[in-house]
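# Structure assessment
Next come the chains, spelled out residue by residue.
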Amino acid sequence: MTTDGRLVRGDHTRRRILSRAMDIASLEGLEALSIGRLATELKVSKSGVFAHFGSKEELQLAVIRAAKAVFASRVVEPAFAEAPGRRRLEALCDGWLTYSERRVFPGGCFFFSVGAEFDARPGRVRDVLADARREWLALYAQTIRDAQQLGELDDSVNPAQLAFELDAFATAANSAALLLDDATAYARSRCAIRTRLAALKT
């Protein structure tokens, strides 16, 4: 660290930029981000923002990485405090719903919002978003396999299929809560998840 604390200030500025950019992207999409807008809103120089990211695409990629870290801290890490198996699976499901319900990002699930923006647009941003989605579904599926190996879930169910279904229940709640202002959507999703898992209990 330099004696005048420039590295500390630079890190603080970068975190402020990413925090604001994640909020904007969750509401308006990644294309709504610009170096000029962030500089104006945060009252920093354009050159200062540019120095951290270099281009709009690099900014978008950095925002996705930052959102992944937030998601991990709010959803994945608390779930992994639970023992492997059914309890961890239930914690992942509930953690995702709570993350959306409590508006960790003002636009609900960050990845649901920006995924729709880039799902048919080839490029680096889409690739990174697709990788994040695959990682999440793979984590779900592995947690399901763990529960099966522990004898807590019927081993006849396909883990990838069940992961898809549980994820669909959660994203449907996120969408209904945002578009329809339906606060009951989260309770409906939790009910659907409980019913599905109860049917697979050994």
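The rules we used
Residues numbered from 1 in each chain as written. Predicted model: local features only at pLDDT ≥ 70, side-chain atom pairs only at ≥ 80, totals over all residues. Heavy atoms only, no water. Helix = DSSP H or I, 4+ residues; strand = E, 2+ residues; numbered from the N terminus. Buried < 20%, exposed > 50% of the residue type's maximum accessible area, 1.4 Å probe, protein only. Contact = heavy atoms within 4.5 Å. Areas by Shrake-Rupley, 256 points an atom, 1.4 Å probe, with all protein chains shown as cover. Core = buried A, V, L, I, M, F, W, Y, C linked by side-chain atoms within 4.5 Å. Phe/Tyr/Trp six-rings, centres within 6.5 Å; stacked < 30°, edge-to-face > 60°. Expected span 1.5 Å × (residues − 1). Disulfide = S-S within 2.5 Å.

### A closer look at the overall build of the protein
Regarding its fold elements, the protein presents nine helices and zero strands. Starting at the N terminus and walking to the C terminus, you meet the elements of the protein as α-α-α-α-α-α-α-α-α. Each of the 202 residues in the protein was classed as buried or not, and the buried ones make up 42%. Counted over contacts in the protein with a minimum sequence separation of 6, partners at least 24 positions apart contribute 66%. Of the roughly 10,600 Å² that the protein leaves accessible, carbon and sulfur atoms contribute 55%.

### Quick look at the nonpolar core
Ranked by size, the top nonpolar core spans 60 residues in total, and within it Leu30, Val63, Phe110, Phe111 and Leu166 carry the most contacts. Examining the composition of this core, we find that 11 residues originate from one element, helix 4 (residues 56-79), more than from any other. Apart from the residues within four sequence positions on either side, Leu166 is in contact with Leu89, Cys93, Tyr140, Ile144, Ile193 and Leu197.

### Focus on the packing of aromatic side chains
To describe a pair of aromatic rings, one takes the distance between the centres and the angle between the planes. In total, this model carries eight aromatic pairs according to the counting rule given. Ring geometry for Trp96 versus Tyr99: centroids 6.0 Å apart, planes at 75°, classification edge-to-face. Residue Trp96 and its partner Tyr99 are located together in helix 5 (residues 86-101), separated by three residues, close to a single helical turn. When its relative accessible area of 2% is taken as the criterion, Tyr99 is described as buried. Taking the centre distance of 4.7 Å and the plane angle of 50° together, the rings of Trp136 and Tyr140 count as tilted. In this pair, Trp136 and Tyr140 both sit in helix 7 (residues 124-149), four residues apart, roughly one turn of the helix. Overall, Trp136 belongs to the buried group, its relative accessible area being 7%. Owing to a relative accessible area of 1%, Tyr140 belongs among the buried residues under this scheme. Grouping aromatic residues by their ring pairs yields a cluster made of Phe71, Trp96, Tyr99, Phe105, Phe110, Phe111, Trp136 and Tyr140.

### Quick word on helix 5
The terminal C-alpha atoms of helix 5, which comprises 16 residues, lie 22 Å apart, in line with the 22 Å expected from a rise of 1.5 Å per residue. In terms of burial, helix 5 is a largely internal element, 12 of the 16 residues being buried. Looking at the buried residues of helix 5, the elements they touch are helix 4, helix 6 (110-118), helix 7, helix 8 (159-179) and helix 9 (185-199).

### As for the state of the cysteines
All told, the structure shown has zero disulfides when counted by the stated rule. With no disulfide of its own, Cys93 lies closest to Cys191 among cysteine sulfurs, the gap being 13 Å.

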